[in-house]
Amino acid sequence: MADLDTIVSLAKRRGFLYPSSEIYGGLGAVYDYGPLGVELKRNVRERWWNAMVREHDNVVGLDAAILMHPTVWKASGHVDAFSDPMIDDKASKRRYRADQLIEGHVDKLRAKGKDDEADAVYGRFVAALNADDPASALGQVIQDEEIKSPDSGAFDWTDVRQFNLMFETRVGAVAGEDDRIYLRPETAQGIFVHFKTVAETARQQVPFGIAQIGKAFRNEIVARQFIFRMREFEQMEMQYFVKPGEQMEAYEAWSERRMAWHRANGIRPEKLRWHEHEKLAHYADAAQDVQYEYPFGWNEVEGVHSRTDYDLSRHQEFSGKKLEYFDPQTQERYLPYVVETSVGLDRTILMVLCDAYAEEEVTNGDKTETRTVLRFHPALAPFTAAVFPLVKKGGMPEAAHKIEADLRRQFNVTYDEKGAVGRRYRRQDEVGTPFAITVDGDTLEDGTVTVRDRDSMEQDRIPAENVRRYIEDKVDA
Ligand code: ATP
């Protein structure tokens, strides 16, 4: 597998992702999507929306605002408890997350084959997370295990402190305590507060779901893994409301569908696994993550959580509005339980990029060369097809433009007439374009073109008028 630096540099060079405000030196953990990145992101988003909303009669969409009434975040628990335990290396002044330091230490022990020791430290770690005062308990583990600073190698730590991750801002012109509002750290609360309105106006009955895609903001302490951990990112979330007692069935069903979705995007199954939470939030009755094996190890890409009626009951309490649901079938009134699926769009993109990346030896005549290829699923690729005239004369560009225009009605395509065809293929391989259509002398005689497959590099000769259908069949497959 490629290392992260290779992915970062390809992403930049070919216009998938750039550091934000780069001419000013960038802004930590904030990134912009370039021309190809934006297409990839749209495709991932659309596949999620289709799988979650369009394919389910009882799941509807919502697009709530980023700014919400500040009491929302009191009710949700974010004001008091949405924090990470941080610790500073006094020597280098570098800040770390205490939990990540310990996990890193455990991974190191395992890499050295010291599995028993790793298990013991991991046990203490889980106990610390569940302690009354997790910050001090985590600090104690770092002390006892003599975990050194990864950058300075020193063992000179501050205490562990909880650091709230919400970004604050002010609303209106007059500054004061009452004007403080937050950039949402998750999209879910927009859905909870509208649960009843959506049920009524969309005429949905429990069980039903509300899905949303949107930006979320977290002032992450440690953000050194490209778009894995960003301060501004996008989430794709669905909250599914069920009758109390029926949550486990929904939890199992949605877990299965979510894993199937990642696989249907072409992610290699051996790089995906389930991971149960070390610590359940006090209100949750089940929680697990989909993890992907990124170049820097197994990490969460998506969470599936069974959250009971915690959120709705808190909002009912804080707003003073009844959020109970009247079940017309059983004539009962209750607060529904919630099963949520929450996946990071940017983390999905990073997974898709890492999983698609390959370098291969290919022979070209008597030369062997390395080609870089992104093996994107055809439905995710930024360009579905590239159209080339073999040479820039003899009516070939005109014929190629005609095919290009036809394909553009349905797909994002690119046209390229510069350089040798072999080099043009390589350029497309590197951005993952699954099909390259070449117009040559024969096209002008018999109306056929070649379609070259990115992965097998084999070519089919087919009538130009069938190209759109040919690609459509492969994208759908
Ligand atoms: P982590 O433990 O990695 O910080 P989390 O458990 O806090 O993640 P959730 O609150 O469950 O994450 O958020 C749901 C999803 O949102 C995550 O699975 C992830 O894909 C995405 N996500 C969360 N934080 C970030 C971030 N800072 N940058 C990019 N994506 C994120």
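All figures in this text were calculated on a predicted structure; none of them were measured in a lab.

What counts, and where the lines are drawn
- Residues numbered from 1 in each chain as written.
- Predicted model: local features only at pLDDT ≥ 70, side-chain atom pairs only at ≥ 80, totals over all residues.
- UniProt positions renumbered as here; feature names shortened; annotations may be inferred.
- Helix = DSSP H or I, 4+ residues; strand = E, 2+ residues; numbered from the N terminus.
- Buried ≥ 20, exposed ≤ 12 C-beta atoms within 10 Å, placed from the backbone.
- Contact = placed C-beta atoms within 7 Å.
- Near = placed C-beta within 6 Å.
- Nonpolar A, V, L, I, M, F, W, Y, C, P; charged D, E, K, R; others polar.
- Pairing = 2+ DSSP bridges.
- Axes fitted to C-alpha atoms, helices over the stretch in contact; angles between N-to-C directions.

## Topic: the UniProt feature "binding site: substrate" (unreviewed entry) in the protein chain
Okay, so step 1: Summarizing the sequence annotation, UniProt attributes the feature "binding site: substrate" (unreviewed entry) to R97, E186, F233, E234, Q235, M236, E237, E340, T341, S342, V343 and G344 in the numbering used throughout. The largest pairwise C-alpha distance within this set of annotated residues, which runs over 248 residues, is 26.1 Å, so the set is dispersed in three dimensions.
Okay, so step 2: Within the secondary structure, F233 sits in strand β10 (residues 232-242).
Okay, so step 3: On the basis of neighbour counts, which here come to 20 C-beta atoms within 10 Å, the residue F233 falls in the buried class.
Okay, so step 4: Apart from the residues within four sequence positions on either side, F233 is in contact with A216, G344 and D346.
Okay, so step 5: By the C-beta count within 10 Å, which is 25 here, E237 ends up buried.
Okay, so step 6: Residues within four places of E237 in sequence aside, it is in contact with T187, A188, Q212, E340, T341 and S342.

## Some points on the site of the ligand
Okay, so step 1: Near the ligand you find 16 residues, and of these F233, G303, S342, G344 and R347 are the closest.
Okay, so step 2: Mapped onto the shell around the ligand, the elements with two or more residues apiece are β10, β13 (297-306), β16 (337-344) and α12 (345-356).
Okay, so step 3: By residue class, the composition of the shell around the ligand is four nonpolar, four polar and eight charged.

## A short note on the sheet that holds strand β3 (residues 59-61)
Okay, so step 1: Strands sit in the order β3-β9-β10-β16-β13-β12-β11 across an open sheet of seven strands; the sheet is mixed. This sheet does not close on itself; its edge strands, each paired only once, are β3 and β11 (272-276). Here the strands of the sheet are splayed against their neighbours by 25° on average, with no regard to which way each runs.

## Looking at unusual backbone geometry
Okay, so step 1: At the junction of V206 and P207, the peptide bond is cis and its omega measures out at 5° in the coordinates.
Okay, so step 2: In this structure, P207 sits in the loop between α9 (195-201) and β9 (208-217).
Okay, so step 3: Here the phi dihedral of S21 falls at roughly 40°; this positive angle occurs in a residue that is not glycine.
Okay, so step 4: Tracing the sequence through the fold places S21 in the loop between β1 (17-19) and β2 (31-33).
Okay, so step 5: What makes S21 exposed here is the crowd of 11 C-beta atoms within 10 Å.
Okay, so step 6: Residue F226 is not a glycine yet carries a positive backbone phi of 55°.

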